[in-house]
Amino acid sequence: MRDTSKTLAGFVLFLAMISWAQAPVFIRYLREAYEPFSMAFIRYASGAAALTLVSLVFYRAEFLRLLRDPRPVLGIALLNTFQQWTWTAGCYGSTATMAQVINMLSLVFVVLFSFMLFREERAVIRSPFFLAGSTLCFLGAVAVLTKDPGSLRPVFDRSSLLLLITAMSWGVYRVWSKHIVMTWHPIPMFTVLALLTSLGFLALTFALGRPADLVTAGPRLTLVALFSGIMPIAVAHPSFNYAQRSLGSAFSTSVGNLTPLLTYLLAILVLDDEFLRLSQWLGAFVLIGGAFLVILAGRRVQHELAAVDVLPAGTVTAGNDQDPDQSRHTGRWKS
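Residues numbered from 1 in each chain as written. Predicted model: local features only at pLDDT ≥ 70, side-chain atom pairs only at ≥ 80, totals over all residues. Heavy atoms only, no water.

Enquirer: What is the right way to look at the overall build of the chain in this model?
Expert: When its secondary structure is counted, the chain shows 16 helices and 0 strands. Here the chain, with 335 residues, has 54% of them falling under the buried criterion. Contacts in the chain between residues far apart in sequence, at least 24 positions, make up 85% of those at least 6 positions apart. Working note: accessible area of the chain is about 14,900 Å², and carbon and sulfur atoms make up 69% of it. (Helix = DSSP H or I, 4+ residues; strand = E, 2+ residues; numbered from the N terminus. Buried < 20%, exposed > 50% of the residue type's maximum accessible area, 1.4 Å probe, protein only. Contact = heavy atoms within 4.5 Å. Areas by Shrake-Rupley, 256 points an atom, 1.4 Å probe, with all protein chains shown as cover.)

Okay, here's the thing in structure tokens:
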């Protein structure tokens, strides 16, 4: 039974990675039909609709309770709306692979924000593995941003800045969401978050965007846009949460570092302008290597703290392998 559970967790982890890998490819494929606000709305509305059906069937009581009083997720929904706009707009002016690589910097921001908020995280940031990994991550990011073949100077254009802001925001989101799911089951929690995000983008589309895009894109592109909300949004998030509980956060996040390579393989099949220079590829591999060191730092410190029995329940680290039975810590949910 345990082997079966591990096999299922491995499958859904791959499903999450392949789903997230699709996101920037879909965004760039659809960018001619939608402006960023309308695209973000149709994608999130599609994902929210699918998750609502799942929540009503399997998590009805908790979903309706959170829907009636969404205050626990209201703040993170506002953050998610902002970061989804920066992510979508940033992808418009970048290659799909570069967008995924830059977003990997969020792992470093997770540790930095945890350091500022939680005293027990400071052992991670002092680890030589974290310091070396963070250095490699930023050096790799600089190399990825060298878009001019005649210069080694990074280019911080609008898209690059938006993607860097996304990575920083995603770091905050991960720390915040990990603590929310200690109380609320991740599926109904993310469902309500997605519904609130959809409403936010609907308002922004009518206020600042082009609502006409929602009806002028045509049936084929509309179906592609709806599907792009099912896989990277509705499927990826619950799948990754399930994988983390069975395989551990460190292993799941480590596998997640391969997402840019999956994105590239998908992008070259779909997009005509997907291209990275040799220096950018080298930077991408340096960044990935740095991300692995950051995860290793979190995992080593967690094991050291656990060995002396001082790791508080709910601690967030870069490689926090939480107990698969979350209900042991909270008593609120168990699937």
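Enquirer: What am I meant to see in helix H2 (residues 36-58) here?
Expert: Since the α-helix advances by 3.6 residues per turn, residues separated by three or four positions end up pointing in the same direction. Relative to the 33 Å expected for 23 residues at 1.5 Å per residue, H2 spans 33 Å between its end C-alpha atoms, a close match to the ideal helical length. Among the residues of H2, the N-terminal cap falls to Glu35, whose side-chain oxygen and the backbone nitrogen of Phe37 are separated by 2.8 Å. (Expected span 1.5 Å × (residues − 1). Polar contact = N/O pair within 3.5 Å; in protein donor to acceptor, adjacent residues only side chain to side chain.)

Enquirer: Whenever I open this one, the packing of helix H5 (residues 96-103) against helix H9 (residues 158-180) confuses me. Can you help?
Expert: Any two packed helices are characterised by the angle at which their axes cross and by the distance between the axes. Between H5 and H9, the least distance of the axes is 8 Å, while the angle of their chain directions is 40°. One finds that H5 runs oblique with respect to H9. Relative to H9, H5 is oriented so that their crossing is right-handed. Across the interface between the two elements, Ala99, Ile102 and Asn103 of H5 pack against Leu163, Leu164, Thr166, Ala167 and Trp170 of H9. (Axes fitted to C-alpha atoms, helices over the stretch in contact; angles between N-to-C directions. Parallel < 35°, antiparallel > 145°, perpendicular 65-115°, else oblique. Left-handed = near helix turned anticlockwise from the far one by under 90°.)

Enquirer: Would you mind showing me how to read the packing of aromatic side chains here?
Expert: How two aromatic rings sit relative to each other is set out by the distance from centre to centre and by the angle between their planes. Inspection of the entire model under this criterion finds 4 aromatic pairs. Centre to centre, the rings of Phe26 and Phe227 are 5.9 Å apart; their planes meet at 70°, and the pair counts as edge-to-face. Of this pair, Phe26 sits in helix H1 (residues 2-30) while Phe227 sits in helix H12 (residues 219-247), and the two are 201 residues apart along the sequence. Under the relative-accessibility criterion, Phe227 is labelled partly exposed at 41%. On the basis of an interplanar angle of 15° and a centroid distance of 6.0 Å, the ring pair of Phe37 and Trp85 is categorised as stacked. Linking Phe37 in helix H2 with Trp85 in helix H4 (residues 71-92), this pair joins segments that are 48 residues apart in sequence. Classification of Trp85 by relative accessible area gives partly exposed; the value is 22%. (Phe/Tyr/Trp six-rings, centres within 6.5 Å; stacked < 30°, edge-to-face > 60°.)

Enquirer: Is there a simple way to explain the side chain of Asn80 in this structure?
Expert: Inspection of the secondary structure assignment puts Asn80 in helix H4. Here Asn80 is in contact with Tyr44, Tyr173, Leu193 and Thr197, once residues within four sequence places are set aside.

Enquirer: Where do I start with the side chain of Thr95 in this structure?
Expert: With respect to the helices and strands, Thr95 occurs in the loop between H4 and H5. A polar side-chain atom of Thr95 sits 3.1 Å from the main-chain amide nitrogen of Met98.

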